[in-house]
Amino acid sequence: MTFLKKRPLFLLLFLVACSTVGITGRRQLLLMSESEEIQLGLSTYKQAIGSYPEIRTGPQIAMLKRVLSRIAPVTGKKYPWEVRLLKADNVVNAWCLPGGKIAFYTGILKIARTEDEVAAVMGHEIAHAFAHHGNERMSQNMGLKAVAEILSLALSGSGRKGQETRNNVMLAFGVASKVGVLLPFSRRQESEADEIGLHFMVKAGYDPEAAVRLWERMAKGRAPSSGLDRFLSTHPQPLDRAKALQRLIPKVRAKYRR
Ligand SMILES: [Zn+2]
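What counts as what
- Residues numbered from 1 in each chain as written.
- Predicted model: local features only at pLDDT ≥ 70, side-chain atom pairs only at ≥ 80, totals over all residues.
- Heavy atoms only, no water.
- Helix = DSSP H or I, 4+ residues; strand = E, 2+ residues; numbered from the N terminus.
- Buried < 20%, exposed > 50% of the residue type's maximum accessible area, 1.4 Å probe, protein only.
- Areas by Shrake-Rupley, 256 points an atom, 1.4 Å probe, with all protein chains shown as cover.
- Expected span 1.5 Å × (residues − 1).
- Bend = angle between axes of the 7 residues up to and from the residue.
- Phe/Tyr/Trp six-rings, centres within 6.5 Å; stacked < 30°, edge-to-face > 60°.
- Lys NZ or Arg CZ within 6 Å of the ring centre and 35° of its normal.
- Pairing = 2+ DSSP bridges.
- Contact = heavy atoms within 4.5 Å.
- Axes fitted to C-alpha atoms, helices over the stretch in contact; angles between N-to-C directions.
- Lys, Arg positive; Asp, Glu negative; His and termini not counted.
- Salt bridge = Lys/Arg side-chain N within 4 Å of Asp/Glu carboxyl O.
- Polar contact = N/O pair within 3.5 Å; in protein donor to acceptor, adjacent residues only side chain to side chain.

Engineer: Honestly, the overall build of the protein chain in this entry has me stumped. Any pointers?
Structural biologist: What the protein chain contains, in helices and strands, is eleven helices and six strands. Among the 258 residues that make up the protein chain, the fraction classed as buried is 50%. Counting every atom, the protein chain has about 12700 Å² of accessible surface; 56% of that belongs to carbon and sulfur.

Engineer: What is the right way to look at helix H11 (residues 238-256) in this model?
Structural biologist: Helical geometry note: an α-helix holds 3.6 residues per turn, so side chains three or four residues apart project in the same direction. A rise of 1.5 Å per residue sets the reference length of H11, with its 19 residues, at 27 Å; its end C-alpha atoms lie 26 Å apart and thus fit the reference within 8%. At Ile249, H11 shows its largest kink, close to 35 degrees, and the proline Pro250 lies no more than four residues downstream. Among the residues of H11, those classed as buried are Pro238, Arg241, Ala242, Leu245, Leu248, Ile249, Val252 and Tyr256.

Engineer: Explanation requested: the environment of Gly205 in the structure shown.
Structural biologist: With respect to the secondary-structure elements, Gly205 resides in the loop between helix H9 (187-203) and helix H10 (209-220). Under the relative-accessibility criterion, Gly205 is labelled exposed at 53%.

Engineer: Got a minute to help me understand the packing of aromatic side chains in this structure?
Structural biologist: Pairs of aromatic rings are described using the distance from one ring centre to the other and the angle between the two planes. Under the definition given, this model contains four aromatic pairs. Summarising the aromatic geometry, the rings of Tyr52 and Tyr105 are spaced 5.4 Å apart at their centres and angled 80 degrees between planes, so their arrangement reads as edge-to-face. Of the two residues, Tyr52 is situated in the loop between helix H2 (34-49) and strand S3 (54-55) and Tyr105 in strand S6 (residues 101-105); the sequence distance between them amounts to 53 residues. For Tyr52, a relative accessible area of 28% puts it in the partly exposed group. Judged by centre distance (5.2 Å) and plane angle (90 degrees), the ring pair of Phe130 and Phe200 falls under edge-to-face. Taken together, the positions of Phe130 in helix H4 (residues 115-130) and Phe200 in helix H9 put the pair 70 residues apart, joining distant regions of the chain. Across this residue pair, the class does not change: Phe130 and Phe200 are buried. Directly above the aromatic system of Tyr206 lies the positively charged group of Arg70, at a separation of 3.8 Å from the ring centroid.

Engineer: Quick question: what am I supposed to make of the sheet that holds strand S4 (residues 82-86) here?
Structural biologist: Here we have four strands laid out as an open sheet, ordered S3-S4-S6-S5, and mixed in their pairing. The open sheet has two edge strands with one neighbour each: S3 and strand S5 (94-97). Relative to S6, S5 is paired through four bridges, and the arrangement is antiparallel. Across the sheet, residue Trp95 finds its bridge partner in S6, namely Ala103. Packing against the sheet, helix H3 (residues 59-75) makes contact with S3, S4 and S6, and its axis sits at approximately 155 degrees to S4. Packed on one face of the sheet, H4 meets S4, S5 and S6 and runs near 35 degrees to S5.

Engineer: Is there a simple way to think about the side chain of Glu37 in this case?
Structural biologist: With respect to the secondary-structure elements, Glu37 resides in helix H2. Buried within the structure, Glu37 lacks any salt-bridge partner; Lys77 is the closest side chain of opposite charge, at an N-O distance of 7.1 Å. Within the local environment of Glu37, its side chain forms a polar contact with the side chain of His132, the two groups lying 2.9 Å apart. Discounting residues that sit within four places of it in the chain, Glu37 has contacts with Met32, Pro98, Ala129, His132 and Asn135.

In structure tokens form, the structure reads like this:
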């Protein structure tokens with residue numbers, strides 16, 4: 001097929017696929033619909049949680065659930081929200097998959113100590129899902145064919161054959177990583193998630209200064225180097241983030257002041 005013949009399809013795709021991020025208004029390219037993205041997030045959740053033991057009771061998971069119950073409604077998203085706490089003291093990380101499935105590792109709770117600070121982390125992670133950052137990364141990195149292939153497999157039946165094929169594709173593409181667990185977000189997406197997360201915090205009644213404090217504390221900590229431990233390494237410099245957040249706070253506060 002010649003390029004010219006293909007072209008209208010691509011034009012059409014870009015027309016269909018170009019959307020706008022809520023709150024910031026940035027234009028972005030998304031090759032998956034939101035419902036496809038959510039489906040993929042859900043089908044990846046178990047795998048993404050990995051082999052860490054889950055903590056189901058106690059004050060920490062209670063706090064995480066409380067924070068989620070306050071932030072989820074202000075996003076306006078009707079996701080099947082869920083948060084889990086995984087025991088991994090050396091993993092300074094948290095994430096939220098498309099569709100609102102969230103995980104926190106105990107390691108990040110050593111740095112995010114107060115409820116407001118936890119809300120800063122959760123607001124940021126939810127903002128990635130809210131702004132379709134995983135979808136955007138897939139759309140940018142993998143191209144239409146790969147997206148379509150993964151989708152058809154993720155959405156295909158739950159039969160044994162389907163499961164096998166899916167596992168193979170998961171291995172080949174590392175799907176969990178592609179929906180935003182491991183695939184590093186761009187700096188622009190990180191800054192955007194910081195900004196949107198701040199809006200969520202304020203709307204949910206949390207103290208946005210906690211986000212600044214959190215990143216100042218991150219800056220003092222030693223950057224971890226092991227595999228999953230990417231919260232620091234793939235995110236912009238903690239002190240720069242703290243400063244950028246500080247600058248945004250008056251504007252965000254003013255927006256929701258009653
Ligand atoms: Zn992030």
